[in-house]
Amino acid sequence: RLPKEKPNVHIHVPETLPDGTLGLGLDDADEDQRGLMVVSIHRKSEHFGWQLGDRIIELNGHLIDEWDDFKATWDAVKQFSTTGAVFGVRRDGVERTEPEAQEPRCLHCSVKGKHLQRCSNWAWAKEG
């Protein structure tokens, strides 16, 4: 069993390419590592911040150990997500930084706190 890792880079992909793909070539990571390696990047996907050698270890908070994990999670994200996908990536040479804590708010009424337990239409508060 491989040790649990935390991503040191997060990449938000709000939508797929017109053909429904991510525009990435992916391959299984080495046996001693979890996740999938980015081996090619379509030019239309470069602006999301992908780099060759990125290793995808999370997708919308779900751990990715191998191709089957990715496929199942990616299919669910494409079907149900309205905000896109957030990839947790291990990138060599980048220090892990803790994301700034954000306060979740309801998109419908902008209320925070216990209201979120009753409302299913919420997202992180937008800055600005």
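Residues numbered from 1 in each chain as written. Predicted model: local features only at pLDDT ≥ 70, side-chain atom pairs only at ≥ 80, totals over all residues. Heavy atoms only, no water.

1. As for the side chain of Arg 34
Next, step 1: Positionally, Arg 34 belongs in the loop between β2 (24–28) and β3 (36–41).
Next, step 2: Separated by 2.3 Å, the side chains of Arg 34 and Asp 65 make a polar contact.
Next, step 3: Those residues in contact with Arg 34 that sit more than four places away from it in its chain are Leu 2, Pro 3, Lys 4, Glu 5, Ala 29, Arg 55, Ile 57, Leu 63, Ile 64 and Asp 65. (Helix = DSSP H or I, 4+ residues; strand = E, 2+ residues; numbered from the N terminus. Polar contact = N/O pair within 3.5 Å; in protein donor to acceptor, adjacent residues only side chain to side chain. Contact = heavy atoms within 4.5 Å.)

2. Digging into the packing of aromatic side chains
Next, step 1: Using the criterion set out here, one finds 4 aromatic pairs in the structure.
Next, step 2: Relative to Phe 87, the ring of Trp 50 lies with its centre 5.1 Å away and its plane at 70°, an arrangement referred to as edge-to-face. With Trp 50 in the loop between β3 and β4 (55–59) and Phe 87 in strand β6 (residues 85–90), this pair connects stretches of sequence that are 37 residues apart. Here the two residues Trp 50 and Phe 87 agree in accessibility, since each one is buried.
Next, step 3: With 6.3 Å between their ring centres and 5° between their planes, Phe 70 and Trp 74 make a pair best called stacked. Taken together, the residues span about one helical turn, with Phe 70 and Trp 74 both in helix α1 (residues 67–80) at a distance of 4 residues. Across the pair, Trp 74 and Phe 70 agree in class, each one buried.
Next, step 4: What links up through ring pairs into an aromatic cluster is the set Trp 50, Trp 67, Phe 70, Trp 74 and Phe 87. (Phe/Tyr/Trp six-rings, centres within 6.5 Å; stacked < 30°, edge-to-face > 60°. Buried < 20%, exposed > 50% of the residue type's maximum accessible area, 1.4 Å probe, protein only.)

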